[in-house]
Amino acid sequence: MFLGDRCYIMLLQFKFKNHKCFFDETILDLMATKEKRHMNSTIDINGNKILPVIEIHGANASGKSSTLEALRFMFEIIKMSSRVDINKSLPAVPFAFSDIAKNGNSEYEISIALNDYEYRYGFSMNKNGFDEEWLYMKKFSSTTKATQKVIFERVKNKVDFGKAYGKYKKTWELFGDNNNLNTNKLLILSNVAIKEEKGILRDIYNYINKFVFRIESVFQQKISLDILSQNNLLYQKFQKIINEFDPCLLGIQIDEFDDDSGNKTYNISAVHKNIDNNDNTTLIPLLRESDGTVKIFNIMPIILINLEIGGLLCIDELDVKLHPLLYKKIVNIYKDKNINKNNAQLIYTAHSTFLFNSNDLRRDQLYLVEKDSLGKSRLYSLSEFRNLRVDADYEKKYLTGQFGAIPYEDE
């Protein structure tokens with residue numbers, strides 16, 4: 001749900017620790033640095049510059065996908081908390097090569113901009129429950145020093161709410177010890193938000209529920225059927241893109257039927273020209289199409305939805321099976337304010353270095369992941385290389401190992 005003409009909600013930062021191959025605290029920052037390159041592609045909110053696109057590179061098994069998965073994991077934990085079975089362990093995934101890490105807490109935190117305020121929300125957890133949870137707010141301004149206010153702070157089952165948030169306290173107490181309920185595996189944000197028709201917690205929860213994560217190699221049969229089965233504006237945009245991708249590809253046909261169990265299922269076919277008769281068409285089952293065509297059908301509908309309603313989209317291996325110019329076009333859509341009118345954000349991993357240059361992306365938009373000999377991954381951006389000139393050949397420096405984050409080679 002888009003929040004209105006003056007309303008916006010954007011990710012500013014994601015911070016996590018002790019998740020899969022990431023042992024130490026790791027930060028993915030979407031706040032633009034002071035770099036002057038491509039300022040017109042950044043999104044200005046109250047004088048603050050926010051990045052619409054982040055590209056992540058690294059060797060195979062370095063932790064690129066795990067970076068996106070950590071964010072997906074946090075959001076899934078939030079979404080599932082209202083229906084958790086308190087008799088089951090939480091699905092914690094700490095760093096595997098340390099007993100201290102396996103027995104310790106994992107931490108996750110997001111900072112988001114929402115309606116002139118910055119909200120910082122996070123929690124620490126292990127398989128037995130949530131040890132801490134917090135939500136703070138402050139004025140989101142580039143000109144004034146804002147004071148941080150507490151909405152709530154939690155340590156174990158002890159929760160303190162800010163003075164102005166008594167209504168949240170009353171709602172949370174419905175789940176508390178007075179009702180003989182075990183709350184150590186429940187999140188305050190999730191369980192209070194679903195009881196509220198509107199308000200801060202509900203807006204944050206709605207934003208998290210809009211989040212979409214796509215894995216390149218997985219074909220989604222229920223691929224945005226609302227778009228692909230209707231002749232609406234979004235479908236027309238999709239149609240234009242696939243025609244540019246393949247002029248012989250006229251569209252898509254979706255046939256709905258009941259399977260042997262009585263459940264609704266769908267056959268998806270690509271519609272092609274028939275060279276014998278211009279009035280006829282030929283249907284090809286989508287899974288018989290090229291891998292590139294399948295990928296376009298897989299990711300473009302959700303990209304168009306993301307641009308339409310705003311929010312955050314993460315795609316693993318965006319570049320794979322796409323022509324470099326099409327891959328570039330997708331990224332440029334997010335950088336174009338005339339198209340990306342609702343401040344949608346895209347974070348993706350890539351192997352291709354086609355956009356790994358200062359002409360297409362800023363240094364703070366190019367992230368790298370490197371894993372050391374102990375199995376610990378580290379995430380960092382090109383902005384950390386202080387002496388790197390904006391006109392340098394980023395691609396050459398990366399491929400020759402000057403930035404790290406490439407496969408090991410035998411000496």
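Data block above holds the structure.
Please read all numbers here as calculations on a predicted model, not as lab measurements. (Residues numbered from 1 in each chain as written. Predicted model: local features only at pLDDT ≥ 70, side-chain atom pairs only at ≥ 80, totals over all residues. Heavy atoms only, no water.)

1. Here we look at the overall build of the chain
Turning to step 1, where the next piece is worked out: The helix and strand inventory of the chain stands at 10 helices and 18 strands.
Turning to step 2, where the next piece is worked out: Scaling as 2.2 N^0.38, a compact globule of 411 residues should have a C-alpha radius of gyration of about 22 Å, and the chain matches this with 23 Å.
Turning to step 3, where the next piece is worked out: Projected onto the principal axes, the alpha-carbon positions of the chain cover approximately 75 × 60 × 45 Å.
Turning to step 4, where the next piece is worked out: The proportion of buried residues among the 411 residues of the chain is 51%.
Turning to step 5, where the next piece is worked out: A sequence separation of at least 24 residues applies to 62% of the contacts in the chain between residues at least 6 apart.
Turning to step 6, where the next piece is worked out: Looking at the chain, you have 55 positive and 54 negative side-chain charges, and the mean spots of the two groups are 7 Å apart. (Helix = DSSP H or I, 4+ residues; strand = E, 2+ residues; numbered from the N terminus. Rg over C-alpha atoms; globule rule 2.2 N^0.38 Å. Buried < 20%, exposed > 50% of the residue type's maximum accessible area, 1.4 Å probe, protein only. Contact = heavy atoms within 4.5 Å. Lys, Arg positive; Asp, Glu negative; His and termini not counted. Charge placed at Lys NZ, Arg CZ, Asp CG, Glu CD.)

2. Regarding helix α9 (residues 324–335)
Turning to step 1, where the next piece is worked out: In a regular helix each residue adds 1.5 Å, so 12 residues correspond to 16 Å; α9 covers 17 Å between its end C-alpha atoms and thus fits that length.
Turning to step 2, where the next piece is worked out: Looking only at α9, the buried set comprises Leu326, Tyr327, Ile330, Val331, Ile333, Tyr334 and Lys335.
Turning to step 3, where the next piece is worked out: On its buried face, α9 sits against β5 (53–58), α7 (233–245), α8 (291–309), β15 (312–316) and β16 (345–349). (Expected span 1.5 Å × (residues − 1).)

3. A word on the pairing of β15
Turning to step 1, where the next piece is worked out: When you tally the buried positions in β15, you get 5 out of 5 residues, the bulk of the element.
Turning to step 2, where the next piece is worked out: Burial along β15 is two-sided: Leu312, Cys314 and Asp316 facing one way and Leu313 and Ile315 facing the other are all buried.
Turning to step 3, where the next piece is worked out: Across 4 bridges, β15 lies against β16 in parallel orientation. If you follow Cys314 over to β16, its bridge partner there is Ile347.
Turning to step 4, where the next piece is worked out: For the crossover from β15 across α9 to β16, the handedness is right-handed. (Pairing = 2+ DSSP bridges. Right-handed = clockwise from strand over helix to strand, strands pointing away.)

4. Some details on the packing of α8 against α9
Turning to step 1, where the next piece is worked out: Closest axis-to-axis distance for the α8/α9 pair is 11 Å, and the angle between their directions is 10 degrees. Between α8 and α9, the angle is such that the two are roughly parallel. The handedness of the crossing between α8 and α9 comes out as left-handed. Contact with α8, carried on its side by Ile296, Ile299, Met300, Ile303, Asn306 and Leu307, involves Leu326, Ile330, Ile333 and Tyr334 of α9 and no other residues of that element.
Turning to step 2, where the next piece is worked out: By residue class, the composition of the contact of α8 with α9 is 9 nonpolar, 1 polar and no charged. (Axes fitted to C-alpha atoms, helices over the stretch in contact; angles between N-to-C directions. Parallel < 35°, antiparallel > 145°, perpendicular 65-115°, else oblique. Left-handed = near helix turned anticlockwise from the far one by under 90°. Nonpolar A, V, L, I, M, F, W, Y, C, P; charged D, E, K, R; others polar.)

5. A look at the sheet that holds strand β12 (residues 249–258)
Either a parallel or an antiparallel arrangement is found when strands of a sheet pair, and the pairing is made through backbone hydrogen bonds.
Turning to step 1, where the next piece is worked out: The strand order across the open sheet built from 3 strands is β12-β13-β14, with neighbouring strands paired in antiparallel fashion. Strands at the two margins of the open sheet, each flanked by one partner only, are β12 and β14 (281–285). For this sheet the average axis-to-axis angle between neighbouring strands, irrespective of direction, equals 35 degrees.
Turning to step 2, where the next piece is worked out: When strand β13 (residues 264–273) meets β14, the two strands line up antiparallel, connected through 5 bridges. Following the sheet pairing, Ser269 is matched in β14 by Pro285.

6. Brief notes about a negative patch on the surface
Turning to step 1, where the next piece is worked out: A contiguous patch of negative charge, built from Asp24, Glu25, Glu107, Glu132 and Asp372, is present on the exposed surface.
Turning to step 2, where the next piece is worked out: You can see Glu107 is positioned in strand β6 (residues 106–114). (Patch = residues over 30% accessible without salt bridge, like charges linked within 9 Å, V, L, I, M, F, W, Y side chains within 5 Å. Areas by Shrake-Rupley, 256 points an atom, 1.4 Å probe, with all protein chains shown as cover. Salt bridge = Lys/Arg side-chain N within 4 Å of Asp/Glu carboxyl O.)

7. Things to note about the packing of aromatic side chains
Turning to step 1, where the next piece is worked out: One pass over the structure, following the stated rule, counts 21 aromatic pairs.
Turning to step 2, where the next piece is worked out: Centroid distance Tyr108 to Phe123: 5.7 Å. Interplanar angle 45 degrees. Geometry classified as tilted. Remark: Phe123 occurs in strand β7 (residues 117–126) and Tyr108 occurs in strand β6; sequence separation between them is 15 residues.
Turning to step 3, where the next piece is worked out: Ring geometry for Phe385 against Phe403: centres 4.9 Å apart, planes inclined by 55 degrees, an arrangement best described as tilted. (Phe/Tyr/Trp six-rings, centres within 6.5 Å; stacked < 30°, edge-to-face > 60°.)

8. A word on the nonpolar core
Turning to step 1, where the next piece is worked out: Grouped together as the largest cluster of nonpolar side chains are 61 residues, with contacts concentrated most on Ile78, Ile110, Tyr121, Phe123, Ile151, Leu201 and Ile347.
Turning to step 2, where the next piece is worked out: When residues in this core are grouped by element, the largest group, 8 residues, is from helix α1 (residues 64–80).
Turning to step 3, where the next piece is worked out: Leave out the neighbours within four places in its chain, and Ile151 touches Tyr119, Leu135, Tyr136, Met137, Asp160, Phe161, Gly162, Tyr165, Tyr168, Ile200 and Leu201. (Core = buried A, V, L, I, M, F, W, Y, C linked by side-chain atoms within 4.5 Å.)

9. Observations regarding the pattern of salt bridges
Turning to step 1, where the next piece is worked out: Throughout the structure, instances matching the rule amount to 14 salt bridges.
Turning to step 2, where the next piece is worked out: Among the salt bridges present, the one from Arg72 reaches Glu69, with a minimum N-O distance of 2.7 Å. Here the residue Arg72 and the residue Glu69 both occupy positions in helix α1, the gap between them amounting to 3 residues, near one helical turn.
Turning to step 3, where the next piece is worked out: A relative accessible area of 11% places Glu69 in the buried class.
Turning to step 4, where the next piece is worked out: One salt bridge in this structure joins Glu109 and Arg120, with 2.9 Å as the shortest N-O distance. Remark: Arg120 occurs in strand β7 and Glu109 occurs in strand β6; sequence separation between them is 11 residues.
Turning to step 5, where the next piece is worked out: Under the relative-accessibility criterion, Arg120 is labelled partly exposed at 23%.
Turning to step 6, where the next piece is worked out: The structure contains a network of salt bridges with shared partners spanning Lys15, Glu109 and Arg120.

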